[in-house]
Amino acid sequence: MDQRTTVSRITTGMRVVDSAGIDVGTVDLVQRGDPNAVTVQAPTADPGGSLDELIESTTTAEPDVPADLAARLLRTGYLKVSTELVATGAVYVPADQIASVTDHEVLLNALTTDLPPEI
């Protein structure tokens, strides 16, 4: 099953479990990937601006991670998971770290500690 099909089977509120069997939390947001998302061109108006500023000015608030990771997540798809395991209260799961999906649970092929936290 490809990543898009896998992500399309996930709904908000589903339980998320990491590869060690630890309950990460529940799905807050499901975003299917868009291979054409966040194509950044060289800035023309402000050559002194950073890549982060350029991407930030052209994207939405999600995912709330550094710009290079945000671009990757938007292209591949991701889950935002509410959790008490990190101080910010949420982590992001790239679609390629989803091992399987059951009727009520998302199983990951990564550890919670490997998931990027919300900023």
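Relevant structure appears above.
Parameters and conventions
- Residues numbered from 1 in each chain as written.
- Predicted model: local features only at pLDDT ≥ 70, side-chain atom pairs only at ≥ 80, totals over all residues.
- Heavy atoms only, no water.
- Helix = DSSP H or I, 4+ residues; strand = E, 2+ residues; numbered from the N terminus.
- Contact = heavy atoms within 4.5 Å.
- Areas by Shrake-Rupley, 256 points an atom, 1.4 Å probe, with all protein chains shown as cover.
- Pairing = 2+ DSSP bridges.
- Axes fitted to C-alpha atoms, helices over the stretch in contact; angles between N-to-C directions.
- Phe/Tyr/Trp six-rings, centres within 6.5 Å; stacked < 30°, edge-to-face > 60°.
- Buried < 20%, exposed > 50% of the residue type's maximum accessible area, 1.4 Å probe, protein only.

## Some thoughts on the overall build of the protein chain
- When its secondary structure is counted, the protein chain shows three helices and six strands.
- Reading the protein chain from its N terminus to its C terminus gives the helix and strand order α-β-β-α-α-β-β-β-β.
- Contacts in the protein chain between residues at least 24 apart in sequence constitute 58% of all its contacts with a sequence separation of at least 6.
- Accessible area of the protein chain: about 6,700 Å², with a carbon and sulfur share of 50%.

## Some details on the sheet that holds strand β1 (residues 15-17)
- In spatial order, the strands read β4-β3-β2-β1-β6-β5; together these six strands make up an open sheet with mixed pairing. Edge strands, defined here as strands with exactly one partner in the open sheet, are β4 (90-94) and β5 (98-101). In this sheet, neighbouring strand axes are inclined to one another by 35° on average, regardless of whether the strands run parallel or antiparallel.
- Lying on the sheet, helix α3 (residues 67-76) is in contact with β2 (23-32), β3 (77-82) and β4; it crosses β3 at an angle near 110°.

## Side note on the packing of aromatic side chains
- The final tally for this structure, using the stated rule, is one aromatic pair.
- With centroids separated by 5.6 Å and ring planes inclined at 65°, the aromatic side chains of Y78 and Y92 adopt a geometry described as edge-to-face. In this pair, Y78 sits in strand β3 while Y92 sits in strand β4, placing the two residues 14 residues apart along the sequence.
- According to the relative accessible area criterion, Y92 is buried, its value standing at 0%.

From the geometry alone we can't say anything about function, so treat these as descriptive.
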